[in-house]
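Chain by chain, the residues:
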Amino acid sequence: VQLQASGGGLVQAGDSLRLSCAASGFTFSNYALGWFRQAPGKEREFVAAISWSGSYTDYADSVKGRFTISRDNAKNTVYLQMNSLKPEDTAVYYCAAAGTLSRFVPKVAAPYDYWGQGTQVTVSS
């Protein structure tokens, strides 16, 4: 099982980035996918999640209206489009997969079975 996150980088406030997470080794379409982030000295926090079908999504209040999660089951890839980035979005971003066919996507880490290695996003002011 592998989740490979990419797309991070150093940007200025107001810029956009798109993170990708390519999955392999499990039946991708049977899993909800999520993005979490961890800033230095802080706990890992939920960012966004999408159901196995892609029909349901959920977001942290801090990113609603700026971030969009999507998935391409044909490519076994989940994306996080991040617009209007702020310095407080600076963190390592992790993708994760949860084996659930519920429309209620997990917003905490415990239900997620697999985790990627993380990609650094740094937003300068």
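Here's a quick rundown of the structure. (Residues numbered from 1 in each chain as written. Predicted model: local features only at pLDDT ≥ 70, side-chain atom pairs only at ≥ 80, totals over all residues. Heavy atoms only, no water.)

**Comments concerning the side chain of Arg71**
Working step 1: Within the element layout of this structure, Arg71 appears in strand S7 (residues 67-72).
Working step 2: Of the side chains with opposite charge, Asp72 lies nearest to the buried Arg71, which makes no salt bridge, at 8.2 Å.
Working step 3: Of the polar contacts made by the side chain of Arg71, one reaches the backbone oxygen of Phe28; its length is 2.8 Å.
Working step 4: When residues no more than four places from it in sequence are discounted, the contact partners of Arg71 are Phe28, Ser29, Tyr31, Ala32, Leu33, Ile50, Ser51, Trp52, Gly54, Thr77 and Val78. (Helix = DSSP H or I, 4+ residues; strand = E, 2+ residues; numbered from the N terminus. Buried < 20%, exposed > 50% of the residue type's maximum accessible area, 1.4 Å probe, protein only. Lys, Arg positive; Asp, Glu negative; His and termini not counted. Salt bridge = Lys/Arg side-chain N within 4 Å of Asp/Glu carboxyl O. Polar contact = N/O pair within 3.5 Å; in protein donor to acceptor, adjacent residues only side chain to side chain. Contact = heavy atoms within 4.5 Å.)

**Quick look at the environment of Glu45**
Working step 1: Following the sequence through the fold, Glu45 ends up in strand S5 (residues 45-50).
Working step 2: On the basis of relative accessibility, which here comes to 36%, the residue Glu45 falls in the partly exposed class.
Working step 3: A C-alpha to C-alpha distance of 25 Å links Glu45 and Asn73, two positions 28 residues apart in sequence.
Working step 4: Those residues in contact with Glu45, other than ones at most four positions away along the chain, are Phe36 and Arg37.
Working step 5: Separated by 2.6 Å, the side chains of Glu45 and Arg37 make a polar contact.

**A few points about the nonpolar core**
Working step 1: The biggest cluster of nonpolar side chains holds 39 residues, and the ones touching the most others in it are Trp35, Leu80, Met82 and Tyr93.
Working step 2: Looking at this core, the element that brings in the most residues is strand S9 (residues 91-98), giving six residues.
Working step 3: Sequence-distant contacts of Leu80, defined by excluding residues within four places in its chain, comprise Leu17, Arg18, Leu19, Trp35, Val47, Ala48, Phe67, Thr68, Ile69 and Tyr93. (Core = buried A, V, L, I, M, F, W, Y, C linked by side-chain atoms within 4.5 Å.)

**Describing the pattern of salt bridges**
Working step 1: Applying the stated criterion across every chain, the model contains five salt bridges.
Working step 2: A salt bridge links Lys107 to Asp58; the nearest nitrogen and oxygen atoms lie 3.5 Å apart. Remark: Asp58 occurs in strand S6 (residues 57-59) and Lys107 occurs in the loop between S9 and strand S10 (114-115); sequence separation between them is 49 residues.
Working step 3: Using a relative accessible area of 41% as the deciding quantity, one classes Lys107 as partly exposed.

**Structural notes on the layout of surface pockets**
Working step 1: Its boundaries defined by the atoms lining it, the largest pocket holds a volume of some 160 Å³.
Working step 2: Looking at the lining of the largest pocket residue by residue, the classes come out as three nonpolar, three polar and eight charged. (1 Å grid on protein atoms, 1.4 Å probe; cavity = no way out; pocket = protein on both sides within 12 Å on 5 of 7 lines; lining within 4 Å. Points joined across faces, edges and corners; volume = space filled by probe spheres on them. Nonpolar A, V, L, I, M, F, W, Y, C, P; charged D, E, K, R; others polar.)

**Quick word on unusual backbone geometry**
Working step 1: Backbone geometry at Asn76 places phi at a positive 50°, although glycine is not the residue there.
Working step 2: With respect to the secondary-structure elements, Asn76 resides in the loop between S7 and strand S8 (77-82).
Working step 3: By relative accessible area, which is 25% here, Asn76 ends up partly exposed.
Working step 4: Within the chain, Ser84 stands out as a residue other than glycine whose phi angle is a positive 50°.
Working step 5: Summarising the element assignment, Ser84 is placed in the loop between S8 and S9.
Working step 6: Judged by relative accessible area, Ser84 falls into the partly exposed class, the value being 41%.

Taken by themselves, the reported measurements are silent on function.
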